[in-house]
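# Breakdown of the fold
Here is what each chain is made of, one letter per residue.
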Amino acid sequence: MPGTLSAIPISYKDTNLRTAAVIPAAGRGVRLGPGAPKALRTLGGVPILVHAVRAMARARAVQVIVVVAPPEGAAEVRALLDAHGLPESTDIRVVPGGESRQESVRLGLAVLPDDVDVVLVHDAARPLVPVETVESVVEAVRGGAPAVVPGLPAADTVKSVDPGTGIVTGTPDRSLLRAVQTPQGFDRTTLAKAHATVTRDVTDDASMVEQLGVPVLVVPGHEEAFKVTRPLDLVLAEAVLARRRATDAY
Ligand SMILES: Nc1ccn([C@@H]2O[C@H](COP(=O)(O)OP(=O)(O)OP(=O)(O)O)[C@@H](O)[C@H]2O)c(=O)n1
Ligand SMILES: C[C@](O)(CO)[C@H](O)COP(=O)(O)O
């Protein structure tokens, strides 16, 4: 059954220690088209990054946030966050990022305080993740899973293709597939080990942990946790945000 801890070795995390969220925000946003770095573009008049930081800060468990800024933009990002009045109870740190997402996350992990034992890694590019999704990931890690990812069933039939010929080579059983999102949550020691040992290029942190042979648990993701990747995603994000502002005093 998806989202169950029964297959995972249980080691409850110490709730006196803190949970941190590392937010990689150093990408350029090439697929979104020309303009400022993606995390600094606005959604409803507010930078995408500020939405993402607020989404993490809304989760009561998250007490530390590390924002990984575009390499030359750490001072600008610090000023931006200060100007947007984020909760003072959250310890927010900003560091410059790297060439790849993987490197940016590693740079963020390097500045975590010692008393953090659970780490979320959340794309700045997923600004509208609901607080319930964040909390369910933290809860599963605190409940003993070393690595947790939110995921959704595939909406389309998926094909594997020979990249040389374009000919379909297979149709994987869709019921076995999940499109995974962020925040991905980890026991800090496990994530640090993955970043210290895995050098192959990957697109998410969970796949680094998988390479260590550590089980990764999938919990239900959320449609509104989608990644702003292409121009149409911005249209959808503006619509979701407008609906929230009209109905939830968001
Ligand atoms: N060197 C990088 C590259 C990506 N990211 C972050 O990783 C997240 C997921 O990446 P993606 O959506 O692919 O963002 P970009 O790399 O900016 O997008 P693109 O590939 O279109 O340039 C984003 O929040 C992005 O800012 C990062 O911190 N450092
Ligand atoms: C981490 C991620 O958002 C999970 O879906 C995704 O892997 C990022 O990939 P991208 O290639 O950087 O868009």
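In the annotation of an unreviewed UniProt entry, the entry for the protein chain reads 2-C-methyl-D-erythritol 4-phosphate cytidylyltransferase, and the organism field reads Actinacidiphila rubida. As its UniProt record puts it under Catalytic activity (unreviewed entry), the protein chain is described as follows: "2-C-methyl-D-erythritol 4-phosphate + CTP + H(+) = 4-CDP-2-C-methyl-D-erythritol + diphosphate".

### Structural notes on the overall build of the protein chain
In terms of helices and strands, the protein chain carries seven helices and twelve strands. Rg of the C-alpha trace for the protein chain: 18 Å, near the compact-globule value of 18 Å for 250 residues, within the 12% margin. Principal-axis analysis of the C-alpha atoms gives the protein chain an extent of 50 × 45 × 40 Å. In the protein chain, of all internal contacts separated by at least 6 residues, the share reaching a separation of at least 24 is 73%. Total accessible area computed for the protein chain in this model is approximately 12,400 Å², and 55% of it derives from carbon and sulfur atoms. Considering the protein chain, the positive charge centre built from 26 side chains and the negative charge centre built from 28 side chains are found 2 Å apart.

### Points about helix α3 (residues 101–109)
Within the span of α3, buried status applies to Gln 102, Ser 104, Val 105, Gly 108 and Leu 109. The buried residues of α3 all sit within an arc of 165° when viewed along its axis, so they share a single face. Contact partners of the buried residues in α3: β1 (18–24), β4 (62–69), β5 (91–96), β6 (116–121), α5 (188–197) and α6 (205–211).

### Thoughts on the UniProt feature "site: Transition state stabilizer" (unreviewed entry) in the protein chain
In the numbering used here, UniProt assigns the "site: Transition state stabilizer" (unreviewed entry) feature to Arg 31 and Lys 38. Checked against the element boundaries, Arg 31 lands in the loop between β1 and β2 (42–43). Of the residues examined, Arg 31 reaches a relative accessible area of 56% and is grouped as exposed. Beyond its immediate stretch of four places on either side in the chain, Arg 31 contacts Lys 227, Thr 229, Arg 230 and Pro 231. Residue position: Lys 38 is located in the loop between β1 and β2. Discounting residues that sit within four places of it in the chain, Lys 38 has contacts with Gly 27, Arg 28, Gly 29, Leu 32, Ile 48, Ala 125, Val 228 and Thr 229.

### Notes on the site of ligand 2
Close to ligand 2 lie Arg 31, Arg 101, Asp 123, Arg 126, Val 180, Thr 182, Thr 203, Asp 204 and Lys 227. Within the side chain of Arg 31, one N or O atom sits 3.0 Å away from an oxygen atom of ligand 2. Measuring from an oxygen atom of ligand 2, one finds a side-chain N or O atom of Asp 123 at 2.5 Å. Across the complex, the protein chains shield 76% of the 360 Å² of accessible surface that ligand 2 would expose by itself. In terms of residue class, the shell around ligand 2 is made up of one nonpolar, two polar and six charged.

### Thoughts on the pairing of strand β11 (residues 184–187)
The two faces of β11 match: Gln 184 and Phe 186 on one face and Gly 185 and Asp 187 on the other face are all buried. Looking at chain direction, β6 and β11 are connected through four bridges and run antiparallel. Residue pairing for β11: Leu 120 is matched across the bridge by Gly 185.

### Section: the UniProt feature "site: Positions MEP for the nucleophilic attack" (unreviewed entry) in the protein chain
The sites that carry the UniProt feature "site: Positions MEP for the nucleophilic attack" (unreviewed entry) are, in the present numbering, Arg 174 and Lys 227. Inspection of the secondary structure assignment puts Arg 174 in the loop between β9 (168–170) and β10 (178–180). Under the relative-accessibility criterion, Arg 174 is labelled partly exposed at 37%. For Lys 227, the location among the structural elements is in the loop between β12 (217–220) and α7 (231–248).

### Comments concerning the pattern of salt bridges
For the structure on display, the rule yields nine salt bridges. One salt bridge in this structure joins Arg 18 and Asp 115, with 2.9 Å as the shortest N-O distance. With Arg 18 in strand β1 and Asp 115 in the loop between α3 and β6, this residue pair connects regions lying 97 residues apart in the sequence. The class for Asp 115 is partly exposed, based on a relative accessible area of 31%. Of the charged contacts in the structure, one is a salt bridge between Arg 126 and Asp 123, with a shortest N-O distance of 3.2 Å. Pair check on accessibility: Arg 126 and Asp 123 agree, each one buried. It is possible to trace a salt-bridge network through shared partners that takes in Arg 101, Asp 123, Arg 126 and Asp 205.

Thresholds, definitions, all that
- Residues numbered from 1 in each chain as written.
- Chains lettered and ligands numbered in written order.
- Predicted model: local features only at pLDDT ≥ 70, side-chain atom pairs only at ≥ 80, totals over all residues.
- Heavy atoms only, no water.
- UniProt positions renumbered as here; feature names shortened; annotations may be inferred.
- Helix = DSSP H or I, 4+ residues; strand = E, 2+ residues; numbered from the N terminus.
- Rg over C-alpha atoms; globule rule 2.2 N^0.38 Å.
- Contact = heavy atoms within 4.5 Å.
- Areas by Shrake-Rupley, 256 points an atom, 1.4 Å probe, with all protein chains shown as cover.
- Lys, Arg positive; Asp, Glu negative; His and termini not counted.
- Charge placed at Lys NZ, Arg CZ, Asp CG, Glu CD.
- Buried < 20%, exposed > 50% of the residue type's maximum accessible area, 1.4 Å probe, protein only.
- Arc of directions from axis to C-beta.
- Near = heavy atom within 4 Å.
- Polar contact = N/O pair within 3.5 Å; in protein donor to acceptor, adjacent residues only side chain to side chain.
- Nonpolar A, V, L, I, M, F, W, Y, C, P; charged D, E, K, R; others polar.
- Pairing = 2+ DSSP bridges.
- Salt bridge = Lys/Arg side-chain N within 4 Å of Asp/Glu carboxyl O.

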